[in-house]
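Breakdown of the fold
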Amino acid sequence: MADGKWDEKFKAFLKQYYWEEILHLGNEYPEQRSIIVDFSDLEMFDRELADELLEHPDEVIPSAENALQQIDLPIEKTLNDAHVQFIKVPNKIPIRDLRSKNLLKFIAIEGMIRKATEVRPKIIDAAFLCMRCENITHRPQTENKFDEPKFCESEICGKSGPFKILIDQSTFLDSQKLQVQESPENLKGGTQPQSLDIDVDDDLAGYSSPGARVVINGVLRSHQRTLREGKSTTYDLVLHANSIEYIDTEFDELEISPEEEEEILELSRDPEIYNHIIKSIAPSIYGYEDIKEALALQLFSGVPKNLPDGTRVRGDIHVLLVGDPGIAKSQMLRYMVKLAPRGVFASGKSASSSGLTAAAVKDDLGDGRWTLEAGALVMADMGVAAVDEMDKMRSEDKSALHEAMEQQTISVAKAGIIATLKSRCALLGAANPKYGRFDRYEGIAQQINMPPALMSRFDLIFVLLDTPDETKDMKIAQHILSAHHAGEMSEQRIHLPTSKVTQNDVDSRMEVILPKIDPDIMRKYIAYARKNVFPIMEKEAHEHLIDFYMGLRKMGEGKDAPVPVTARQLEALVRLSESSARIRLSNVATIDDARRTTQIVHSSLKQVGVDPDTGAFDVDVLTSGTSKSQRDKIKIMKDIIRTVGSRHSGGKAPLDEIYAEAEAEQIDRGHAEELIAKMRKVGELLKPDNAHVRLV
Ligand code: ADP
Ligand code: MG
């Protein structure tokens, strides 16, 4: 290549600032093919040159590479295809703000890789053999469309071919396409993330997988769209990557100023901090203090641990909300997505091909190549994934979720794509029961269509029942109406110039639904705690957790007693206690943290793991649906119906006789009716008329 305008300057710059790196490159070339230049070094060396790079990258980058390739090395090697990658470029532009003025400029964009195609060779210089005269014509391939020569370049021949492409004399580069999407934390609640396609070549290809958070520096280009009728006048944007920076630290994007840090420390010293945090989660939703406390613990999270045997123990706390419709489950999920420093919302029944986990797809991005696309749990890596309507999840997602929740990875092996993506996120699920309403005599797992093994991976499960209760209903009604009232006043004040509502009126009305801690500061508080606080559990706290756990296990010791809890719950206890300490920004998890934890676990277990008949804890209720005493009772009822039926023609057993015999077995009328209803539902019992039943 001819010497560019800046070659000499770059030679001087590289020798002065990057001599070590160049020597290293000389040794490793061609396995390593790039040196990485920090933009601020170039700025320090020559401001004008740095500005030129931003304005005219298509001239400056080749010049920099030219300079690098021409530098004399102390060893016998030529760096013919070496690259210069520039990082930390100051021109960072949000994907949604890219405009035509940015075209052909050197810019940086930030986001998350949503899709990545397979790596495939791309021809950049094609050699054509003229079949008439055997002359070879080279044509550089710069566009997406393959460019063939019209005429033979030989002066003697000059015919229009035919030509044959010579693969061994053409030049190929590895190439890959990525799609980068705006990171969830940079989106204002609820806006759809936008994305940008990225072309990566040569030594940059093949290193990025979906879910990775990146800053990509490169030249913004456009490609003309082609319609069926021909070329369109609008162009699509593509960033041609020069370098990729990976961001792997948690919440680095949230900048906390010294004043904000002071405010956070101040908040943490308030003895009422737990209350304040609970009151800052979904304040427009009335009640549910225990659930909001659990959600607070989920936000702050336990400490993830790397053990010497290479295993990683998750710190993330998974929470599941099950219950009747219309009781603000979805609302709570949406609020959590806004509050979590990194929140992603998804629905179990979403139609997107990647679903919740990941998928290999063939789409436009890859021009027919296979593309790996990340789903919600990958996009929520190091954050919270809120998944609504989990009962409507696809079966592929269900099976992938086992791995995602425990190992926090998602493996894909399809169509030649084999990848393991990271999904280190806390899952907040919501599920509606199959028959619309929750049936406390049937297992949760069955009602929400979720395998018991998957359910047992949640640290906390809450069942929300919509039972009418006059005082509570009144309070909820008042709360909802006052929220609306405050909203009405505020809207009127904004839109009607003649409105008599004052800002004071609005403020005082809003108070009921105002979060105690401003969401912006809360998000930073959480990020600060997760980044800086790593509690260790005190001996007393240990003992308390062990006592609690052993107490629950003990209930399962008798011959006929159910097995109450498993070791999974013990791990949940540890995570919750650590998180509780983090809320105070304390590096010690104390007995108080342990007590708070056991209280919450107790209130969760009470809802899901209690045999409705005996009041004893029983994990079978959760997993198989019927507790031991229930199974026993159903057996007794069956026997009664069988004996009563055998006394009558056609096995038709009169209900009053059944109720009388059930009474003798300590099953009261109401319960007997429920059991009969349940047996009918599963098809074990027929009811030929109002007064009789018959076993099937
Ligand atoms: P679900 O997902 O449980 O079916 P939604 O989240 O869609 O329910 O809630 C239905 C509506 O009822 C929402 O507008 C919600 O604000 C309101 N709502 C239900 N319970 C409460 C409550 N306790 N406090 C305030 N609003 C509530
Ligand atoms: Mg809902």
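Moving on to the overall build of the protein chain. Of the regular secondary structure elements, the protein chain holds 23 helices and 26 strands. Across the 696 residues of the protein chain, 49% fall into the buried class. The long-range share in the protein chain, meaning contacts at least 24 apart out of those at least 6 apart in sequence, stands at 69%.

Tracing the chain through its elements places H479 in helix α14 (residues 470–495). With relative accessibility at 12%, the residue H479 sits in the buried group. With residues up to four places along the chain from it excluded, the contact list for H479 reads P283, S284, I285, Y286, V512 and I513.

Residues at a pLDDT of 70 or more form 88% of the protein chain, whose mean pLDDT is 83. Contacts for the low-pLDDT stretch residues 559–564, under 50 throughout, to residues beyond four places or in other chains number 18 contacts.

Once that is clear, we can look at the site of ligand 1. Lining the immediate surroundings of ligand 1 are 14 residues, of which Y286, G326, K329, S330 and Q331 lie closest. Measuring from a nitrogen atom of ligand 1, one finds a backbone N or O atom of Y286 at 2.8 Å. Within the backbone of A328, an N or O atom sits 3.1 Å from an oxygen atom of ligand 1. Protein burial of ligand 1: of its 560 Å² of free accessible surface, 73% is covered by the chains. Counting residues per element, the ones that place at least two in the shell around ligand 1 are α9 (329–339) and α14. The biggest single contributor to the shell around ligand 1 is α9, with three residues. Of the residues that constitute the shell around ligand 1, the class distribution is eight nonpolar, four polar and two charged.

Attention now moves to the nonpolar core. Core analysis: the biggest nonpolar cluster contains 57 residues, and I277, I281, L299, L321 and F462 have the highest contact counts within it. Among the elements that take part in this core, helix α8 (residues 289–300) stands out by supplying seven residues, more than any other. Here this core spans two domains, and each of domain 3 (290–468) and domain 5 (532–623) adds at least three residues to it. Not counting chain neighbours up to four residues away, the residues in contact with I277 comprise A296, F300, I517, M522, Y525 and I583. In terms of nonpolar packing, the next biggest core, distinct from the first, is built from 39 residues, L356, V387, M390 and I461 among them.

Turning our attention to the sheet that holds strand β24 (residues 653–654). Spatially, the three strands line up as an open sheet ordered β24-β26-β25, and their pairing is antiparallel. Each of the sheet's edge strands pairs with one partner strand only, and the pair in question is β24 and β25 (685–689). Packing of helix α23 (residues 669–681) onto the sheet brings it into contact with β25 and β26 (692–695), and relative to β25 it is tilted by some 105°.

Taken across its twelve residues, strand β3 (residues 106–117) has twelve buried, putting it largely inside the fold. With three bridges connecting them, β3 and strand β16 (residues 370–374) associate as antiparallel partners. By the bridge assignment, T117 is partnered in β16 with T371.

Across all of its chains, the model carries nine aromatic pairs by this definition. Centroid distance F13 to Y17: 5.0 Å. Interplanar angle 35°. Geometry classified as tilted. Of this pair, F13 and Y17 both sit in helix α1 (residues 7–17), four residues apart, which is roughly one turn of that helix. On the basis of relative accessibility, which here comes to 0%, the residue F13 falls in the buried class. In this structure an aromatic cluster arises from ring pairing among F10, F13, Y17, Y18, F45, F86 and F106. Over the ring of F345 we find R334, and its NZ or CZ is 3.9 Å from the ring centre.

A word on the state of the cysteines. Under the criterion given, the structure shown has zero disulfides. Unpaired in this structure, C130 has its nearest cysteine sulfur neighbour in C133, at a distance of 3.8 Å.

What follows covers unusual backbone geometry. Cis peptide bonds are those with omega within 30 degrees of zero, and the linkage from Y29 to P30 qualifies with 5°. By secondary structure assignment, the location of P30 is in the loop between α2 (19–28) and β1 (34–38). The residue K88 is not glycine, and still its phi comes out positive at about 55°. Here K88 is to be found in the loop between β2 (83–87) and β3. Notably, Q666 is not glycine yet its phi reads approximately 65°, a positive angle. Considering the arrangement of structural elements, one finds Q666 in the loop between α22 (655–664) and α23. A relative accessible area of 70% means that Q666 is categorised as exposed.

Right, let's get into the pairing of β25. One face of the sheet, then the other: side chains in a regular strand alternate in exactly this way. Alignment of β25 against β26, held across three bridges, turns out to be antiparallel. If you follow L685 over to β26, its bridge partner there is L695. Joining the antiparallel neighbours β25 and β26 is a turn of two residues.

Let's shift gears to the pattern of salt bridges. Taken as a whole and judged by the stated rule, the model has 37 salt bridges. One salt bridge in this structure joins K92 and E110, with 3.0 Å as the shortest N-O distance. Taken as a pair, K92 in the loop between β2 and β3 and E110 in strand β3 lie far apart in primary sequence, 18 residues in all. For D316, the salt bridge goes to R530, with nearest N and O atoms at 3.7 Å. In this pair, D316 is assigned in the loop between β12 (312–313) and β13 (319–323) and R530 in helix α16 (residues 519–532), connecting sequence segments 214 residues apart. Via salt bridges that share partners, R314, E406, R457, D459 and R575 belong to a single interconnected network.

In this section: a nonpolar patch on the surface. Together, F146, I165, I167 and F172 make up an exposed nonpolar region whose accessible area comes to about 340 Å². Positionally, F172 belongs in strand β7 (residues 171–181).

On to the packing of α9 against α16. For any two helices packed against each other, the geometry is given by the interaxial angle and the distance between the axes. Where α9 meets α16, the axes come as close as 9 Å, and the angle between the chain directions of the two elements is 70°. Considering the angle they form, α9 stands roughly perpendicular to α16. Only P519, M522, R523 and I526 of α16 make contact with α9, whose side of the interface consists of Y335, K338 and L339. Class assignment for the residues of the contact of α9 with α16 results in five nonpolar, no polar and two charged.

Let us now look at the packing of helix α4 (residues 47–55) against helix α5 (residues 57–70). The N-to-C vectors of α4 and α5 enclose an angle of 120°; their axes lie 6 Å apart at closest approach. On the basis of their axis angle, the class for α4 and α5 is oblique. Residues E52, L53, L54 and E55 of α4 form the contact with α5, whose participating residues are P57, V60 and I61. Class assignment for the residues of the contact of α4 with α5 results in five nonpolar, no polar and two charged.

This brings us to the sheet that holds strand β20 (residues 426–431). The parallel open sheet is built from five strands, whose spatial order is β14-β17-β20-β13-β21. Each edge of the open sheet is held by one strand with a lone partner, namely β14 (343–347) and β21 (460–464). On average, each strand axis in the sheet is tilted by 15° relative to the strand beside it, whichever way the strands run. When β14 meets strand β17 (residues 384–388), the two strands line up parallel, connected through five bridges. Across the sheet, A346 pairs through a bridge with V387, a residue of β17. Here α8 sits on the sheet and contacts β13, β17, β20 and β21; the angle it forms with β21, its principal contact strand, is near 150°.

Criteria and thresholds
- Residues numbered from 1 in each chain as written.
- Chains lettered and ligands numbered in written order.
- Predicted model: local features only at pLDDT ≥ 70, side-chain atom pairs only at ≥ 80, totals over all residues.
- Heavy atoms only, no water.
- Helix = DSSP H or I, 4+ residues; strand = E, 2+ residues; numbered from the N terminus.
- Buried < 20%, exposed > 50% of the residue type's maximum accessible area, 1.4 Å probe, protein only.
- Contact = heavy atoms within 4.5 Å.
- pLDDT = per-residue confidence, 0-100.
- Near = heavy atom within 4 Å.
- Polar contact = N/O pair within 3.5 Å; in protein donor to acceptor, adjacent residues only side chain to side chain.
- Areas by Shrake-Rupley, 256 points an atom, 1.4 Å probe, with all protein chains shown as cover.
- Nonpolar A, V, L, I, M, F, W, Y, C, P; charged D, E, K, R; others polar.
- Core = buried A, V, L, I, M, F, W, Y, C linked by side-chain atoms within 4.5 Å.
- Domains from an automatic or database assignment.
- Pairing = 2+ DSSP bridges.
- Axes fitted to C-alpha atoms, helices over the stretch in contact; angles between N-to-C directions.
- Phe/Tyr/Trp six-rings, centres within 6.5 Å; stacked < 30°, edge-to-face > 60°.
- Lys NZ or Arg CZ within 6 Å of the ring centre and 35° of its normal.
- Disulfide = S-S within 2.5 Å.
- Salt bridge = Lys/Arg side-chain N within 4 Å of Asp/Glu carboxyl O.
- Patch = residues over 30% accessible without salt bridge, like charges linked within 9 Å, V, L, I, M, F, W, Y side chains within 5 Å.
- Parallel < 35°, antiparallel > 145°, perpendicular 65-115°, else oblique.

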